[in-house]
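Chain by chain, the residues:
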Amino acid sequence: MASNLFDHLDEISTGGEQSRPLWAARAPYEPQSDHDLMLVPRVKDWREEPEAIAALERIEREPWIERVDRDDRQVRATLSSTWIEGTGVALTAGEAEERPHADIATGRRFALNFWDANSTKALHIGHLRNLALGNALGSALAEAGGKVERRSIICDVGRSMGEAMAGVVASGKHTSASLENGQKSDHFVGTCYAEYVKSGPVLTGRDDNPATSLTRELDVHHDSADELLQRVLDGDQEAIELWSKTRAWVISGQRKTLARLGISFDRVFFESDFLPEVAELSNLGLEHGMLQRRPDGAVIYLTDREELEEMPLLRADGLPTQHMRALAYWMAAPGLEGTTSIQVCGLEWVAHVTCRRQLMDLMMERGAGADINHPAHDVFHGMVSKQAESVSSSKRNALLIDELAEWIEGAMEDEERAGVRRRHPAADAIVPQVALGYFLMHTNTKPLDFEPEKLLREEQSLGWDLARARAHNGAGNGNGAPPEPAQDPDYRFAVVQSEMYRRHLQQAVERLDVSPLAKYVAHLSRWYLEADREPHVQEAIQAALAQGARGLGLETAR
């Protein structure tokens, strides 16, 4: 039979003119004493369909099927004990190759863009959702056999960069070779940035409600931030040294945060790398009438779309906006040929992505490259809020990822949680599991109202439930001698559930959505934690959880 139970059931139940499976196998939500699988017809009135009946009879004749029971409501299948035992041994003894599901995406190349932070601040919980989704998707694609290049494009030339530089100068530490008192460098720059924004010329509404980084960069203010950034673009050596130092401080600090989460990148670009392309695209667009120059000198794209009628690309002083910098990157990014390019970004960028794609198509028609279709896919996620207020680095409510990690570490000092850490097979993975796992089960496009306490709520947080399950090793049910594994409904359930992993991994590759896989791991974890399990059940579930954790990027292979 095929290497996977559910794949094989699809093969042998395929028939008819449409050549598609006529039956679907469903694993029960919990162990059943009288069956292992439910067989669900994919055609109406299957009893009247000869092809459906023939497919069911083929299933029934398979040697790994013990029996098929039919009644008026359901069709149920019981697997042979020989199949249960053999599959269970392979699962727990590691007889399969290191990556047994690598055939799913073998030969495919993926360029996965996430992180994409500004080099002006420390990473906060708004970034954490992006990191969790990107990291999980990259892990799933790699587990499925894809060659994944994790990429990031870092903003280092926008208005916010000038604000960070001006804030560092205002602090008086811009001439320092290093920071004192052990202060993390990205925290320091982020504080300088927020202080400058708070006291700068671009406040809207209340004093504690500055405009977003996107709207702040559209107007020329002729303040310290604008002056410093312009000096960088003009090649002023002193300004370039300040710019380089500020950027290096932030990136160095952010990389330490990423390392704590177990996240790394293969290739990182800076938006400043693509300034020559900005000039070329601007000239091309103006020459062919795709772009317009306003009386003040700003360059815009009129989209004819209600959601973003006017897309600013260059400020009056020539500084490219985030819209233009993203356009230049995706038009010129190297190494994307032959890849499936994917970008993970917030829902607030939907209008930008739509209009950018539209402008890219126009520019390709006029000679700015051919057949550029990057990113091929956008994975959007809702914003993270705290106490119902959106999180922003220039607001005081920005809970930093470093602070959250420290909070989790402190919470682990509780006696019961400390026991989880001691028993966990990869104790160093607990903080990333708890921090990242929380974001994976929620519908991507829905906003999240976040508080740290939610990370450690049982049966509400995937990361914490997974950590507890990986540390769980009960002493059996205490009802005498344990049954033979193949006679134990819990063991049969665990083995069948382990076969479901491949299906969810396939879905992650096909749909670029890891939430079904996350829900599967959460369900398995929570069921396992409901009671003490026999040793043979523990072995099977732990093996299944280990592969699920790897597929979600929550635990590295050991």
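This text follows the structure it describes.
Residues numbered from 1 in each chain as written. Predicted model: local features only at pLDDT ≥ 70, side-chain atom pairs only at ≥ 80, totals over all residues. Heavy atoms only, no water.

Side note on the sheet that holds strand β7 (residues 109-113)
The following threshold applies: The criterion for strand pairing is that DSSP finds at least two bridges linking the strands in question. The way it works is that DSSP assigns letters per residue, a run of H or I at least four long becomes a helix, a run of E at least two long becomes a strand, and they are numbered from the N terminus. Only the contacting stretch of a helix is used when fitting its axis, a line to C-alpha atoms as for every element, and angles between N-to-C directions run 0 to 180 degrees.
On the basis of which strands lie adjacent, the open sheet formed by 5 strands has the order β9-β8-β7-β13-β14 and parallel pairing. For this open sheet the edge positions go to β9 (267-270) and β14 (377-381), each flanked by a neighbour on one side alone. Taken over all neighbouring pairs, the strand axes of this sheet differ in orientation by 25° on average, direction set aside. Relative to β9, strand β8 (residues 147-154) runs parallel, the two sharing 4 bridges. Considered in β9, the bridge of Ile 154 is made with Phe 270.

A short note on the packing of aromatic side chains
This is how it is decided: Put simply, two rings from Phe, Tyr or Trp (the six-membered ring, in Trp's case) pair if the centres are within 6.5 Å, and we call them stacked under 30 degrees between planes, edge-to-face over 60, tilted for the rest. When a residue's accessible area, from a 1.4 Å probe over protein chains only, is under 20% of the maximum for its type it is buried; when over 50% it is exposed; and in between it is partly exposed. Remark: a charge is flagged as sitting over a ring if the NZ atom of Lys or the CZ atom of Arg is within 6 Å of the ring centre and within 35 degrees of the ring normal.
Within the structure shown, the criterion is met by 12 aromatic pairs. Ring centres of Phe 269 and Phe 274 lie 6.0 Å apart, and the angle between their planes is 55°; this geometry places the pair in the tilted category. Each member of the pair Phe 269 and Phe 274 is classed as buried. Ring geometry for Phe 493 versus Trp 527: centroids 4.7 Å apart, planes at 55°, classification tilted. With Phe 493 in helix α17 (residues 489-511) and Trp 527 in helix α18 (residues 515-529), this pair connects stretches of sequence that are 34 residues apart. Summarising the burial analysis for this pair, Phe 493 and Trp 527 share the class buried. Put simply, the rings of Phe 269, Phe 274, Tyr 329 and Trp 330 touch in pairs and so form one group of aromatic residues. Positioned above the aromatic ring of Trp 243 is the side chain of Arg 247, whose terminal nitrogen or guanidinium carbon lies 4.7 Å from the ring centre. For Arg 247, the ring lying beneath its charged end belongs to Phe 270, and the centroid distance is 4.0 Å.

Looking at the environment of Gly 86
Mapped onto the secondary structure, Gly 86 falls in helix α3 (residues 81-93). Taking relative accessible area as the criterion, Gly 86 reaches 40% and is therefore assigned partly exposed.

Brief notes about the sheet that holds strand β10 (residues 292-293)
Strand pairing in a sheet relies on backbone hydrogen bonds. The paired strands run either parallel or antiparallel. Strands sit in the order β10-β11-β12 across an open sheet of 3 strands; the sheet is antiparallel. Two strands bound the open sheet, and with one partner strand each, they are β10 and β12 (310-314). Note: strand β11 (residues 299-302) against β12, 4 bridges, orientation antiparallel. Paired with Leu 302 across the strands is Glu 310, a residue of β12.

Details of the pattern of salt bridges
Condition: Just to be clear on terms, a salt bridge is a Lys or Arg side-chain nitrogen sitting within 4 Å of an Asp or Glu carboxyl oxygen.
A full pass over the atoms with the stated rule returns 33 salt bridges. Arg 503 is the partner of Asp 7 in a salt bridge, and the nearest nitrogen-oxygen pair spans 3.6 Å. With Asp 7 in helix α1 (residues 5-12) and Arg 503 in helix α17, this pair connects stretches of sequence that are 496 residues apart. For Asp 7, a relative accessible area of 16% gives the class buried. With a shortest N-O distance of 3.1 Å, Arg 357 and Asp 361 are connected by a salt bridge. Taken as a pair, Arg 357 and Asp 361 lie in helix α12 (residues 350-365) at a separation of 4 residues, close to a single helical turn. Overall, Arg 357 belongs to the partly exposed group, its relative accessible area being 21%. Each member of the salt-bridge network shares a partner with another, and the members are Arg 159, Glu 163, Asp 223, Asp 226, Arg 315 and Asp 317.

What to know about the packing of helix α4 (residues 125-143) against α17
Put simply, the test is: Crossing handedness is read from the near helix: turned anticlockwise from the far helix by less than a right angle, it gives a left-handed crossing, and turned clockwise, a right-handed one. Residue contacts follow a heavy-atom distance rule, with two residues in contact if any of their heavy atoms lie within 4.5 Å.
It is the contact of α4 with α17, at a shortest axis distance of 9 Å, that shows an interaxial angle of 115°. When you trace α4 past α17, the crossing you get is left-handed. Here Leu 137, Ala 140, Leu 141 and Glu 143 of α4 come into contact with α17, specifically with Tyr 501, Leu 505, Ala 508 and Val 509.

A closer look at the nonpolar core
Put simply, the rule is: Here, nonpolar core means buried Ala, Val, Leu, Ile, Met, Phe, Trp, Tyr and Cys residues that are tied together by side-chain atoms lying within 4.5 Å of each other.
Core analysis: the largest hydrophobic core is formed by 108 residues, its most contacted members being Trp 23, Leu 79, Leu 131, Leu 440, Phe 450 and Leu 552. No other element matches α17, which puts 10 residues into this core. With sequence-adjacent residues up to four places away left out, Leu 552 is seen in contact with Asn 135, Ala 136, Ser 139, Leu 440, Leu 462, Val 514, Leu 517, Ala 518 and Val 521. Residues Leu 308, Met 311, Leu 314 and Cys 355 belong to the second largest nonpolar core, which totals 31 residues.

Let's talk about the environment of Arg 511
Tracing the backbone shows Arg 511 in helix α17. Through-space distance from the C-alpha of Arg 511 to that of Arg 255 is 29 Å; in sequence the pair is 256 residues apart.

A look at the packing of α17 against helix α19 (residues 535-551)
The relative placement of two packed helices is expressed as an angle between their axes plus a distance between the axes. This is how it is decided: Comment on the angle field: the value is read as roughly parallel under 35 degrees, roughly antiparallel over 145, roughly perpendicular from 65 to 115, and oblique elsewhere. Following the grouping adopted for this structure description, the nonpolar residues are Ala, Val, Leu, Ile, Met, Phe, Trp, Tyr, Cys and Pro, the charged ones are Asp, Glu, Lys and Arg, and the polar ones are all others, Gly among them.
Between α17 and α19, the least distance of the axes is 9 Å, while the angle of their chain directions is 15°. Our classification of the angle between α17 and α19 gives roughly parallel. Two packed elements cross with a definite hand, and for α17 against α19 that hand is left-handed. Contacts from Asp 490, Tyr 491, Ala 494, Ser 498 and Tyr 501 in α17 reach His 536, Val 537, Ala 540, Ile 541, Ala 544, Gln 547, Gly 548 and Gly 551 in α19. Its residues placed into classes, the contact of α17 with α19 shows 7 nonpolar, 5 polar and 1 charged.

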